[in-house]
Amino acid sequence: MILCHGEILPNSRQQEIIASLKDTAALPVVRNEPLTPETVIRACDALAQRILNGDFDTTVKPFLDLFHISGGQFEGMVRLFTRENLEYKCSIELCDDERVIGGKVRRKRYPLGVLLHIAAGNVDALPAYSVIEGLLSGNVNILKLPVGDSGLSVKLLYELIAIEPLLSDYVYVFDVPSTETETLKRLSDLCDGIVVWGGDAAVKAARRLANVNTKVISWGHKLSFAYAELDASDEELQRLAQSICGTNQLLCSSCQGIFVNTNSREEQTDFAKRFFEILKSVNQSAPPVDYGMKAKNAIHLYNERLEASSENNIYYHQGVSVVIREDKELELSYLYRNVWVKRLPADELYTLKKHKNHLQTACILTADSEKRKKIASVLARIGVVRITSAGNMSRTICGEAHDGTYALREYSRIVEFEVESSAQ
Amino acid sequence: MKYTNRLFNQKEIYDAGATNRLFAAAIRENAQFHYENCPEYKRILDGFGFRPEELHAYADLARLPFLPTLYFKRHHLQSVAPGKQIIKATSSGTSGSMSKIGFDVKSLNLGRKMVVQVGRYHRLWSATPVNYIIFGYQPTRENKTAISKTAFGFTFFAPALSRTYALESTENGYALSWDRVIKALEKCEKSRFPMRTIGFPAYTFFLLRDLKEKGIRFQMPKGSMVTLGGGWKQFYAEKADKQTFYSLVKEVLGIEESNVIEFFGAVEHPILYADCRYHHFHIPVYSRVIIRSPDDFSPLPNGQAGILNLLTPMMQSAPLCSVMTDDLGVLHTEQCPCGAKSPWLEIIGRVGIRDIVTCAAGAEEYLKE
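Residues numbered from 1 in each chain as written. Chains lettered and ligands numbered in written order. Predicted model: local features only at pLDDT ≥ 70, side-chain atom pairs only at ≥ 80, totals over all residues. Heavy atoms only, no water.

Quick look at the sheet that holds strand β3 (residues 99-101) of chain A
Residues and elements named next belong to chain A. Strand order across the open sheet formed by three strands is β3-β4-β17, with antiparallel pairing between neighbours. Whereas interior strands pair on both sides, the edge strands pair on one side only; in this sheet they are β3 and β17 (412-418). Direction aside, neighbouring strands of the sheet carry axes that sit 35° apart on average. Here strand β4 (residues 105-111) runs beside β17; their pairing, made up of seven bridges, is antiparallel. Looking across to β17, one finds that Pro111 is bridged to Ser412. (Pairing = 2+ DSSP bridges. Helix = DSSP H or I, 4+ residues; strand = E, 2+ residues; numbered from the N terminus. Axes fitted to C-alpha atoms, helices over the stretch in contact; angles between N-to-C directions.)

Observations concerning the pairing of strand β9 (residues 260-266) of chain B
Residue and element names in this part refer to chain B. In terms of burial, β9 is a largely internal element, five of the seven residues being buried. Both strand β8 (residues 225-228) and β9 contribute to a ladder of three bridges, which runs parallel. Its bridge partner lying in β9, Val226 is registered against Val260. From the end of β9 to the start of strand β10 (residues 269-274), which pair antiparallel, there are two residues. (Buried < 20%, exposed > 50% of the residue type's maximum accessible area, 1.4 Å probe, protein only.)

Observations regarding the sheet that holds strand β10 (residues 223-228) of chain A
Residue and element names in this part refer to chain A. Taking strand neighbours across the sheet as the criterion, the seven strands line up as β12-β13-β14-β11-β10-β15-β16 in an open arrangement whose pairing is mixed. The open sheet has two edge strands with one neighbour each: β12 (313-317) and β16 (386-388). Here the strands of the sheet are splayed against their neighbours by 20° on average, with no regard to which way each runs. One ladder, built from four bridges, connects strand β11 (residues 255-260) with strand β14 (residues 338-343); its direction is parallel. Following the sheet pairing, Phe259 is matched in β14 by Lys342. Sheet contacts for helix α12 (residues 265-285): β10, β11, β12, β13 (320-324) and β14; angle to β13, the most-contacted strand, approximately 170°. Sitting on the sheet, helix α13 (residues 291-307) touches β12, β13 and β14, and the angle it makes with β12 is about 150°. (Contact = heavy atoms within 4.5 Å.)

So, the packing of helix α3 (residues 37-52) of chain A against helix α5 (residues 71-79) of chain A
Residues and elements named next belong to chain A. It is the contact of α3 with α5, at a shortest axis distance of 9 Å, that shows an interaxial angle of 165°. The pairing of α3 with α5 is recorded here as roughly antiparallel in orientation. Where α3 crosses over α5, the handedness of that crossing is left-handed. Counting all contacts with α3, which are made through Ala48, Ile51 and Leu52, the residues of α5 involved are Phe74, Glu75, Val78 and Arg79. Here the residues of the contact of α3 with α5 are counted per class, giving five nonpolar, no polar and two charged. (Parallel < 35°, antiparallel > 145°, perpendicular 65-115°, else oblique. Left-handed = near helix turned anticlockwise from the far one by under 90°. Nonpolar A, V, L, I, M, F, W, Y, C, P; charged D, E, K, R; others polar.)

Some details on helix α8 (residues 152-163) of chain A
For α8(A), with twelve residues, the first-to-last C-alpha span of 17 Å sits near the 16 Å given by 1.5 Å per residue. Taken as a whole, α8(A) has its buried residues at A:Leu152, A:Ser153, A:Val154, A:Leu156, A:Leu157, A:Glu159, A:Leu160 and A:Ile161. (Expected span 1.5 Å × (residues − 1).)

Looking at the packing of aromatic side chains
Inspection of the entire model under this criterion finds 18 aromatic pairs over all chains. Ring centres 5.7 Å apart and planes at 35° place the aromatic pair A:Phe276 and A:Tyr315 in the tilted group. In this pair, A:Phe276 is assigned in helix α12 and A:Tyr315 in strand β12, connecting sequence segments 39 residues apart. The burial state of A:Phe276 is the same as that of A:Tyr315; both residues are buried. When the centroid spacing of 4.3 Å and the interplanar angle of 20° are considered together, the rings of A:Tyr302 and B:Phe66 count as stacked. Taken together, the residues A:Tyr302 in helix α13 and B:Phe66 in the loop between α3 (39-47) and β1 (67-68) connect one chain to another. Pair check on accessibility: A:Tyr302 and B:Phe66 agree, each one buried. (Phe/Tyr/Trp six-rings, centres within 6.5 Å; stacked < 30°, edge-to-face > 60°.)

As for the pattern of salt bridges
According to the stated counting rule, one finds 43 salt bridges over all chains in the structure shown. The closest approach of N and O atoms between A:Arg83 and A:Glu87, which form a salt bridge, is 2.7 Å. Of this pair, A:Arg83 and A:Glu87 are both found in helix α6 (residues 83-93), four residues apart, which corresponds to roughly one turn of the helix. Look at A:Glu87 and you get partly exposed, because its relative accessible area is 37%. With a closest N to O distance of 3.0 Å, B:Glu256 and B:Lys250 form a salt bridge. The class for B:Glu256 is partly exposed, based on a relative accessible area of 39%. In the salt-bridge network here, residues are joined through shared partners; they are A:Glu38, A:Arg42, A:Arg83, A:Glu87 and A:Glu164. (Salt bridge = Lys/Arg side-chain N within 4 Å of Asp/Glu carboxyl O.)

Given below as structure tokens:
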């Protein structure tokens, strides 16, 4: 299923359409006045209201069930697209005011031009979200759907264009497998920027695909963790466990493991046991993990036990585990409610800096607000971009930055005119 | 090896219940051998505080610590000297890494006895020559995957007039050659001798679907068979409903469902499972199945889905007495109209098959297998 000029077309027409884009894709941004955020906001708001009214329940409900998204969470997501929230987002990210510098130079924001969005499939409406961000910044958007896409994004974008036909020349959706590198190369050649979502492999592939003069904006692989003082309360640990069970550790912002501020193995073990008991009990009231995933992790953990030296300790119960590790590395967990616990004294926090752009969210668990401030300050300096309390690692707030930057700014460029000039 | 030898000399191969005591004795004997000859196996059993002599009765088998296939992918375990391992096989490496298992003469002899019996029961042996079409790899000196060796081995069930491989070894690795296979099928149809296909179910399915879409139909000579082996591998997501598959075989090749036979086995459990005419994998006397819960690995009652743990005393060269696979399965005890008394095994998929697509995971590259 592909989308072109507001029409849903069969895949068989894909090559012909892509070939025709060579001369036409960039036309809307070259010929016209930039697409205003207002046009996009109006359409998004109308669509969001219709979704909230239940007009799309039959389409949307199955996806919510599949991804274990509650009605409340979903409503929160949809509300991000209402007028109030989008205006707020644009006011923060776009800085659209025309500023004159030193009385001589006038500054104005323009879209990059044409964006190719290479979407990932972990959140179902994410591809559409990425395109909407491209539209808000005024770009023409070409979306490459992820493998196994459910069709929800195409449906949403189709409805958006039906509400605001002006957008029809600004949105193309294609179903090109990642293995079709020639087609992807042709699409990439059309673009001023490639927006890539996904793991390191996807980001590397996008960089290979991009010409030297094409900007690559990557929303890539991220690792998030908790940093705990020994005085962290059971309530905090419980909120952390809830967020681990709620996201199954699949999001960039999900906690993969806990670093404990200690050098003592005994204190680490006590902490791990305490968290394990809490995680076990939270797990029992959370929706069950996919059976095959649970089985896979059970085998991995059993294998780890066989391979382990006696220093390792694994606490496992019905698909949930806490593994005591001896190293101090930030790493991915087994996912699906399986957490590592490592010792990392506060004066060694700087060692995480080597993870650079992989760092994302860290939550701090402590009862002491002075300690919290100090740790937060270190975390911010080493590269963490979101510092939260236990239950808020994966919260979404309108107007918040994305991976340490603002998407709409990344999709824009600043043009400076001499004041005397009458050029736009 | 006396109990193991007796087990592999059984004439009634699908009456597992009648050999339970013998099987337990053979496993004890086998586990004891590995315990004494494979230091790593000893370390693992010692780690669980388990000694092979604790296996007194059949019910004790579930207590024998099992080794996951994952472990064999990372560690090369051997209980006989490398010089005595005359064949080295590797798994097909669906998930990127491969198990390496050596076979010694004694193990191979037991395997040969098993293949003779299984082949006889399923009427695979035939003096009539056949044309083979193999939907798999052409075996080469470099290709040690068990599936290509097994596929080649199967071509000895009946004398081979010809062998055509779908995946042919070329200068640039393996290449899929549909055209050649289609030409070979055309030749088979005109032959007065039967045809047998061998290979991955997925490739067989895709080829037949392709032929159907092109409107190509054959009526293969009487006695022709479609044999399947190697599992559905990466294609579980597209796994064809078996009945659809049999209808496709009938429609495209003109071969009856009763002449479609599927095999199951693994490098880490080299027992030949063949399905009956009702397409059930009955447990042969050489093997036992324990379905375990992912919660705590406790054995689950028959009829419940869980992780598949396979046991056999066949191997001397590597401690494969109890192996935990990556498969999810169900053990059925309902009476099968085919008459085999053993329960039958249904494979329902692989663990963790639901693709993890996540920005946190950065895909499987980070999931160390």
